[in-house]
Amino acid sequence: MNAIIEILLEIIKITVPALIVFFTVFYLMKQYLASQYQLKSLEFKQNQQSTTIPLRLQAYERLSLFCERIAIPNLILRLRQEGMTAGDLRMSMMIATQQEFEHNITQQVYISQQLWQIIKIARDDVMNVVSEVYEQQGADTSLDNYVQGLFAHLQGREFIPLDKALVAIKKEAGILL
């Protein structure tokens, strides 16, 4: 019986210090690995930001250009041609606005949902104004009367969604910087 107790005591003498060393090493390794994970995570976020910030800034630039390109005066200057009817200009402006929108639709990935909604409202407003003025003047209106009607409609407005969209783009880009 004494021999069994002595063997158990010897096992305990060896096992207890080994367990203490094991748990100490385990705790230290766990702490080390957790700090390494945090460090790698921070590096990853910094690398990701260095990639996404330029893309987001480019998106803001492209959407600003989009707003400028679909502004009615700019559409008229760009699309108006000799021999065009008011209906032709209206259709050209509607198509150009939609094409510009489709060209920039992927930029919504890089901006906030609220800003994208503002941009869509601005686009819809341009298309509504182009159609509304045309319908008010009638299909037989001259090109010059239609253009004058568009300018008169724009001058009579207090709230222009395209201007608000540009302000919102600048504001969101400013927050990023």
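Going by the structure above, here's the rest.
Residues numbered from 1 in each chain as written. Predicted model: local features only at pLDDT ≥ 70, side-chain atom pairs only at ≥ 80, totals over all residues. Heavy atoms only, no water.

Peer 1: Residues and numbers for the overall build of the chain, please.
Peer 2: Helix and strand counts for the chain come out as six helices and zero strands. Ordered by position in the sequence, the α and β elements of the chain form the string α-α-α-α-α-α. Whereas a compact globule of 177 residues would reach a radius of gyration of roughly 16 Å, the chain reaches 34 Å, over 25% beyond that. Overall size of the chain, expressed as C-alpha extent along the three principal axes, is 120 × 30 × 30 Å. Residues counted as buried form 31% of the 177 residues belonging to the chain. (Helix = DSSP H or I, 4+ residues; strand = E, 2+ residues; numbered from the N terminus. Rg over C-alpha atoms; globule rule 2.2 N^0.38 Å. Buried < 20%, exposed > 50% of the residue type's maximum accessible area, 1.4 Å probe, protein only.)

Peer 1: Any chance you could break down the packing of helix H3 (residues 86–104) against helix H5 (residues 143–155) for me, citing the residues and the numbers?
Peer 2: The geometry of H3 relative to H5 is characterised by a closest axis approach of 8 Å and an angle of 45° between their N-to-C directions. Classified by the interaxial angle, the pair formed by H3 and H5 is oblique. Residues Ala 86, Leu 89, Arg 90 and Met 93 of H3 form the contact with H5, whose own contacting residues are Leu 143, Tyr 146, Val 147 and Leu 150. Residues belonging to the contact of H3 with H5 are distributed by class as follows: seven nonpolar, no polar and one charged. (Axes fitted to C-alpha atoms, helices over the stretch in contact; angles between N-to-C directions. Parallel < 35°, antiparallel > 145°, perpendicular 65-115°, else oblique. Contact = heavy atoms within 4.5 Å. Nonpolar A, V, L, I, M, F, W, Y, C, P; charged D, E, K, R; others polar.)

Peer 1: Mind laying out H5, listing which residues take part and the relevant values?
Peer 2: Side chains that are three or four residues apart share a direction in an α-helix, a result of its 3.6 residues per turn. With 13 residues, H5 extends 18 Å between its outermost C-alpha atoms, agreeing within 8% with the 18 Å of an ideal straight helix rising 1.5 Å per residue. Buried residues of H5: Leu 143, Tyr 146, Val 147, Gly 149, Leu 150 and Leu 154, and no others. Considered in projection along H5, the buried side chains sweep an arc of 160° and stay on one side of the axis. Residues Gln 148 and Gln 155 are exposed on H5 and point more than 90 degrees away from its buried face. (Expected span 1.5 Å × (residues − 1). Arc of directions from axis to C-beta.)

Peer 1: So, the layout of surface pockets: which residues are in play, and what are the values?
Peer 2: For the largest pocket, the calculated volume is near 170 Å³. Around the largest pocket, the lining comprises 14 residues; the ones closest to its centre are Ala 71, Ile 72, Ile 160, Leu 162 and Asp 163. Of all the secondary-structure elements, those providing two or more residues to the lining of the largest pocket are helix H1 (2–69), helix H2 (72–79), helix H4 (113–137) and helix H6 (161–176). Among the elements that line the lining of the largest pocket, the one with the most residues is H6, at four residues. Looking at side-chain class alone, the lining of the largest pocket contains ten nonpolar, no polar and four charged residues. (1 Å grid on protein atoms, 1.4 Å probe; cavity = no way out; pocket = protein on both sides within 12 Å on 5 of 7 lines; lining within 4 Å. Points joined across faces, edges and corners; volume = space filled by probe spheres on them.)

Peer 1: Hey, could you go over H2 for me, with residue numbers and the actual values?
Peer 2: Those residues of H2 that sit buried are Ile 72, Leu 75, Ile 76 and Leu 79. The arc enclosing the buried residues of H2, seen along the axis, measures out at 100°, which places them on a common side. Looking at the buried residues of H2, the elements they touch are H1, H3, H4 and H5.

Peer 1: Explain the environment of Val 21 to me, using residue names and the numbers behind them.
Peer 2: Inspection of the secondary structure puts Val 21 in helix H1. Val 21 sits 26 residues away from Asn 47 along the chain, and the two C-alpha atoms are 39 Å apart.

Peer 1: Mind laying out the nonpolar core, listing which residues take part and the relevant values?
Peer 2: By size, the foremost hydrophobic cluster in this structure holds 40 residues, and its most contacted members are Ile 72, Leu 89, Met 93, Ile 111, Ile 119, Tyr 146 and Leu 150. When residues of this core are traced back to their parent elements, those giving at least two are H1, H2, H3, H4, H5 and H6. Sorting elements by how many residues they give to this core places H4 first, with ten residues. If we skip the residues at most four places from it in the chain, Ile 119 touches Leu 63, Phe 66, Ile 111 and Ile 169. (Core = buried A, V, L, I, M, F, W, Y, C linked by side-chain atoms within 4.5 Å.)

Nothing here speaks to function; it is geometry throughout.
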